[in-house]
Amino acid sequence: MAMVVSRDAQIAALYDKLHTRSATLASLTPGTHSHTGLQAECDAIYAEIRRLQTTTNISPKAVLIVLGIVALVIWGALH
């Protein structure tokens, strides 16, 4: 069974990973293969953080509850 990780936890983990990679990147010589590869990885991590921050996090259970309430209101209005 897969564990569900909240969006905030994912963002926090990615920030931690980005911080670690950035500290390593600072010690590398710019223009080297290692620096370029790590810079690309940092850019990808940052892009994933931005993507997660712009998405909404709506629980499927919350959607079902709202649909159930709307159905009850409609059913009550028709009877």
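I will try to describe carefully the structure that is included in this document.

**A look at the environment of A44**
Line of reasoning, step 1. Mapped onto the elements, A44 comes out in helix α2 (residues 33-54).
Line of reasoning, step 2. Linking A44 and L18, residues 26 residues apart in sequence, is a C-alpha distance of 9.5 Å.

**Some remarks on the side chain of H35**
Line of reasoning, step 1. Relative to the elements of secondary structure, H35 occurs in helix α2.
Line of reasoning, step 2. Once residues within four sequence positions are removed from consideration, H35 is found in contact with L25, L28, T29 and P30.

**Quick notes on the pattern of salt bridges**
Line of reasoning, step 1. Counting across every chain of the model gives 2 salt bridges.
Line of reasoning, step 2. Close ionic contact of E41 with R21 constitutes a salt bridge, the shortest N to O distance being 2.8 Å. Here E41 is found in helix α2, whereas its partner R21 is found in helix α1 (residues 7-26), with 20 residues between them in sequence.
Line of reasoning, step 3. A salt bridge links E48 to R51, with the shortest nitrogen-to-oxygen separation between them at 2.7 Å. Of this pair, E48 and R51 both sit in helix α2, 3 residues apart, which is roughly one turn of the helix.
Line of reasoning, step 4. Assessed through its relative accessible area of 29%, E48 is described here as partly exposed.
Line of reasoning, step 5. Residue classification places R51 among the partly exposed residues on the basis of a relative accessible area of 43%.

Rules behind the numbers
Residues numbered from 1 in each chain as written. Predicted model: local features only at pLDDT ≥ 70, side-chain atom pairs only at ≥ 80, totals over all residues. Heavy atoms only, no water. Helix = DSSP H or I, 4+ residues; strand = E, 2+ residues; numbered from the N terminus. Contact = heavy atoms within 4.5 Å. Salt bridge = Lys/Arg side-chain N within 4 Å of Asp/Glu carboxyl O. Buried < 20%, exposed > 50% of the residue type's maximum accessible area, 1.4 Å probe, protein only.

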